[in-house]
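One-letter residues, chain by chain:
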Amino acid sequence: MSDISQMAYLNGQYLPLSEARISPMDRGFLFGDGIYEVIPSYGGRLVGMRAHMQRMRNGLDAIGIRVTIEDQEMQEIATRLLQASGNGNLGVYFHISRGADLTRMHGFPEQITPTIFAFAFAIPEAGTGHPDSAKCVNVVTCEDMRWRRCHIKSTSLLGNVLHFQHGREQGQDETILYNQHGHITEASACNVFAVLDNRIVTPALDNQLLPGITRQLVISILRDFDVPVVEDTVTRQQLREADEVWLTSSSKEIRPVVSIDGQPIGSGKPGRYWHKAMTLYAQHKFDY
Ligand code: PDD
């Protein structure tokens, strides 16, 4: 997938990814001043496209970037990039920065044209819910040291990158974060669910976590099939003692966590609620 013929979209043009160039004065490069999205697709079918586009608009509004591009055009860009990559298991990455300006100043320049960039990249194949196909993860926990606008899907990801790397340096797959009160927020690049006494719980949305589209799909699908999900506080202690813990994201779907800080979760294997959630997600993710 990283062959040099891979196609990108940049400011109205399609070109090989290896030839795409932006100015070093782009505020996305200088300040991380932008918004991004990752939309999963399988066989050319996008998952949750409308919700992803809405979250991108919300993020652009929140940081005052105005764009004229319509959702329809973004859909066409996604479709074309997917086709160019062979419509396999692909994520579409969209990135809109405030644009390039020849002076480096913190305040927003008056006249500036946003930079719009997109490309498609390989993601793991879709899960089925079968326990043998589960991609189990081992994680560590760490105090959330990011900023207080984590609900905005900003390209300023250094806080997330450092948290992810913290886990990786301990040989772990992800880092689950908790705030100063010991409440779970999310993971460095995923949302978190826990099964506590037969209740599926996920932290309620606020400025401390991203409103994940996979999280939203999982909640909606489970509720529509009469499996209750509660949005509530989960403490670090509750998480460590949970029967099951899952991570959700667009590229990873629903992954069972089998150990936290070196201690097994539940039986140390994917649990029955994960099986139910992943099976329903596999069957219904395109319906929403
Ligand atoms: N990450 N929380 C954070 C901090 C994330 O970066 C992500 C996604 C999620 C899950 O959101 P969604 O279900 O909408 O993908 C939660 C993406 C995939 C990334 O940065 O590559």
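Residues numbered from 1 in each chain as written. Predicted model: local features only at pLDDT ≥ 70, side-chain atom pairs only at ≥ 80, totals over all residues. Heavy atoms only, no water.

Draft legend 1. Representation of the site of the ligand in the model. Taken together, 18 residues form the shell around the ligand, and within it Tyr-36, Glu-186, Ile-213, Thr-214 and Ser-250 come nearest. Interatomic distance of 2.7 Å between a side-chain N/O atom of Ser-250 and an oxygen atom of the ligand. Here the ligand loses 89% of its free accessible area of 470 Å² to cover by the protein chains. Put simply, the parts of the chain that give the shell around the ligand at least two residues each are strand S3 (34-42), strand S9 (184-187), helix H5 (213-224) and strand S13 (244-249). Both domains that meet at the shell around the ligand, namely domain 1 (7-122) and domain 2 (131-287), each give it at least three residues. (Near = heavy atom within 4 Å. Polar contact = N/O pair within 3.5 Å; in protein donor to acceptor, adjacent residues only side chain to side chain. Areas by Shrake-Rupley, 256 points an atom, 1.4 Å probe, with all protein chains shown as cover. Helix = DSSP H or I, 4+ residues; strand = E, 2+ residues; numbered from the N terminus. Domains from an automatic or database assignment.)

Draft legend 2. Broad picture of the side chain of Gln-172. Tracing the chain through its elements places Gln-172 in the loop between helix H4 (158-168) and strand S8 (174-178). Within polar-contact distance, the side chain of Gln-172 engages the backbone oxygen of Gln-170 at 3.3 Å. Aside from chain neighbours lying at most four places away, what touches Gln-172 is Asn-138, Val-139, Val-140, Gly-167 and Ser-259. (Contact = heavy atoms within 4.5 Å.)

Draft legend 3. Inspection of the domain arrangement of the chain at higher detail. Examined at the domain level, the chain breaks down into domain 1 (7-122) and domain 2 (131-287). The C-alpha centroid of domain 2 is placed 26 Å from the C-alpha centroid of domain 1. In this assembly, 22 residues from domain 1 lie in contact with 16 residues from domain 2. Of the roughly 1,600 Å² buried where domain 1 meets domain 2, counting both sides, 67% is carbon and sulfur surface. For the interface between domain 1 and domain 2, the tally reads zero salt bridges. In this structure, the connection of domain 1 to domain 2 is made through seven residue pairs in polar contact (both at pLDDT 80 or more). Secondary structure elements with two or more residues in the side of domain 1 that touches domain 2: S3, strand S4 (45-46), helix H2 (49-62) and strand S5 (89-97). With seven residues, the single largest contributor to the side of domain 1 that touches domain 2 is S3. Residues of the side of domain 1 that touches domain 2, tallied by class, amount to 12 nonpolar, six polar and four charged. (Buried area = accessible area lost by both parts, 1.4 Å probe. Salt bridge = Lys/Arg side-chain N within 4 Å of Asp/Glu carboxyl O. Nonpolar A, V, L, I, M, F, W, Y, C, P; charged D, E, K, R; others polar.)

Draft legend 4. Representation of unusual backbone geometry. Phi is positive for Asn-87, close to 50°, though the residue is something other than glycine. Checked against the element boundaries, Asn-87 lands in the loop between helix H3 (71-84) and S5. Asn-87 gets classed as partly exposed once you look at its relative accessible area, which sits at 30%. In the Ramachandran plot, Asp-197 falls in the positive-phi region, its phi being about 50° despite a non-glycine side chain. Summarising the element assignment, Asp-197 is placed in the loop between strand S10 (191-196) and strand S11 (199-202). (Buried < 20%, exposed > 50% of the residue type's maximum accessible area, 1.4 Å probe, protein only.)

Draft legend 5. View of the packing of aromatic side chains. This model, assessed by the stated rule, comprises seven aromatic pairs. With a centroid separation of 5.5 Å and an interplanar angle of 25°, the aromatic rings of Phe-193 and Trp-246 are classed as stacked. With a gap of 53 residues between them, Phe-193 in strand S10 and Trp-246 in strand S13 connect regions that are remote in the sequence. Feature note: the residues Tyr-36, Tyr-93, Phe-117, Phe-119 and Phe-121 constitute an aromatic cluster, connected by ring pairs. Between the NZ or CZ atom of Lys-285 and the centre of the ring of Tyr-42, over which it lies, the distance is 4.5 Å. (Phe/Tyr/Trp six-rings, centres within 6.5 Å; stacked < 30°, edge-to-face > 60°. Lys NZ or Arg CZ within 6 Å of the ring centre and 35° of its normal.)

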